[in-house]
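Inside the fold
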Amino acid sequence: MKKLLATLLRELESNRAAVLCGIVASHGSTPRGAGAKMLVLEGGGTLGTIGGGAVEYRAGLLAGELLEKKQSRFESYRLTPGDIADIGMICGGDVRVYFQYFDPADRAARETLEAALKLLDSPGASWLVTAMSETGWRMGTYDRRNGLRGMDASMERLEPLLGGRGMLDEGETVLFAEPLTRAGTVYLFGGGHVARELAHILAMTDFRVVVYDQREHTVTRELFPEAAERRCGPFTEALSLVGPITRDDYVVIMTPGHQADYEVLAQTLRTPARYIGCIGSRRKIAITRERLLADGFTEAEIGRVHAPIGLPIGGETPAEVAVSVAAQLIACRSGKL
């Protein structure tokens, strides 16, 4: 989402129009659901996907036409073979797509995109809200602290749409709300090779990441360009320096040494964190467990820790380990863990 919105804003600032193709509703079996987006640029370039195949090809053609006409519109695609209006796909469902024409002269749209990009680097849940029609659209952002900005809509209509996925309300105008950020931050303790790969994957899957290490050279913008924050300090004081960890947050511990891992783990076990994971071998985990018991932690408290960290996919390289950890965090976020 961040890359797509940043690209869209950059195009508008360069006086180039664009069309944002977004799935606002889907039924049955479809490659992508509500909230999937593809940006179509002047000249035919694209970014993002609404599912690939014939539906994406046809959407790209229609977006090109709408760029020339400077228009927005709805279009539905059936993915059921044999239907009169099908497009040759066999998924068995259908999708409704809104084609949102962005005029470079639309200052309000640029301001909303700027606000959305700021929210993507902020803690707490936030949403992108769009009122849509065949003749045009209005767009704004919503978060609990600032409320709805950039457009008007009643909270009576909006509140039921503020969930963890794109939600549609059909009314006099169609109202669509989709999450920009979900509540919760991944606190990544340790800035080594696995952490760098993991931070990149988590950014692609819409997690907000804060990286912490006591080695200043490991928490630079160059190494962690997508992290919302990069902090440096002693591992013994980690929690006091990153701020309170809430029940919406995730803790990933992969420091450069066993002692530092233990110091961070002992601190985070005293928080209500939604997820705590610690990298290491089974032998290391067994030793850590005995030490935690000796220091007064209960079996139930120690049982909160996912260790060895990640899903058992058999990976060994930093990137493979990062994939397994990211998958476990996604499963936790979606309630599947």
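Heads up: the structure comes first, above all this text.
One structure accompanies this document, and this report is about it. Please read all numbers here as calculations on a predicted model, not as lab measurements. Once a new chain begins, its residue numbering starts again from 1 and follows that chain's sequence as written. Residues qualify for local features only when their pLDDT is at least 70, as the model is predicted, and side-chain atom pairs are given and counted only at 80 or more; totals for whole chains, interfaces and linings, by contrast, use all residues. Side-chain measures were taken over the full set of non-hydrogen atoms in the model, leaving aside hydrogen atoms and water.

With that settled, the discussion passes to the packing of helix H7 (residues 258-268) against helix H8 (residues 282-294). Lines are fitted to the C-alpha atoms to define the axes, a helix being fitted only along its stretch in contact, and any angle between axes, read from their N-to-C directions, falls within 0 to 180 degrees. Helix and strand definitions follow DSSP, with helices as H or I runs of at least four residues and strands as E runs of at least two, each counted in order from the N terminus. Where H7 meets H8, the axes come as close as 11 Å, and the angle between the chain directions of the two elements is 45°. The orientation of H7 relative to H8 falls into the category oblique. In the crossing of H7 with H8, the sense of the turn from one axis to the other is right-handed. Only Lys284, Thr288, Arg291 and Leu292 of H8 make contact with H7, whose side of the interface consists of His258, Gln259, Asp261, Tyr262 and Leu265. Here the contact of H7 with H8 is composed, by residue class, of 3 nonpolar, 3 polar and 3 charged. Reported orientations rely on four angle classes, namely roughly parallel under 35 degrees, roughly antiparallel over 145, roughly perpendicular from 65 to 115, and oblique for the rest. For a crossing to be left-handed, the near helix must be turned anticlockwise from the far one by less than a right angle; the clockwise case is right-handed. Contacts are residue-level and defined by heavy atoms, with any inter-residue pair within 4.5 Å sufficient. Residues are grouped as follows: Ala, Val, Leu, Ile, Met, Phe, Trp, Tyr, Cys and Pro are nonpolar; Asp, Glu, Lys and Arg are charged; every other residue, Gly included, is polar.

A few words now on the sheet that holds strand E4 (residues 73-78). Any two strands between which DSSP finds at least two bridges are classified as paired. Spatially, 5 strands are ordered E3-E2-E1-E5-E4 in an open sheet, and the strand pairing comes out antiparallel. Where the open sheet ends on each side, the last strands, each with one partner, are strand E3 (46-48) and E4. Going across the sheet, the axis of each strand differs from the next one's by a mean of 20°, ignoring polarity. Of the pairings in the sheet, the one linking E4 to strand E5 (residues 94-102) comprises 6 bridges and is antiparallel in character. Bridge assignment links Tyr77 to a residue of E5, and that residue is Val95. Its contacts with the sheet place helix H1 (residues 2-13) against strand E1 (18-27), strand E2 (37-41), E3 and E5, and it is angled at close to 25° to E2.

A few words now on unusual backbone geometry. Geometrically, the link from Ala307 to Pro308 is a cis peptide bond, its omega value of -5° lying close to zero. With respect to the helices and strands, the residue Pro308 is situated in the loop between strand E16 (305-306) and helix H10 (318-333). A positive phi angle is found at Asn15, which is not glycine, with a value near 65°. Structurally, Asn15 can be placed in the loop between H1 and E1. You will see that Asp206, though not glycine, has its phi angle at about 70°, which is positive. The residue Asp206 is located in the loop between helix H5 (193-204) and strand E12 (208-213) in this model. Relative accessible area decides the class of each residue, using a 1.4 Å probe on protein chains only: under 20% of the type maximum gives buried, over 50% gives exposed, and in between gives partly exposed. With a relative accessible area of 33%, Asp206 lands in the partly exposed category.

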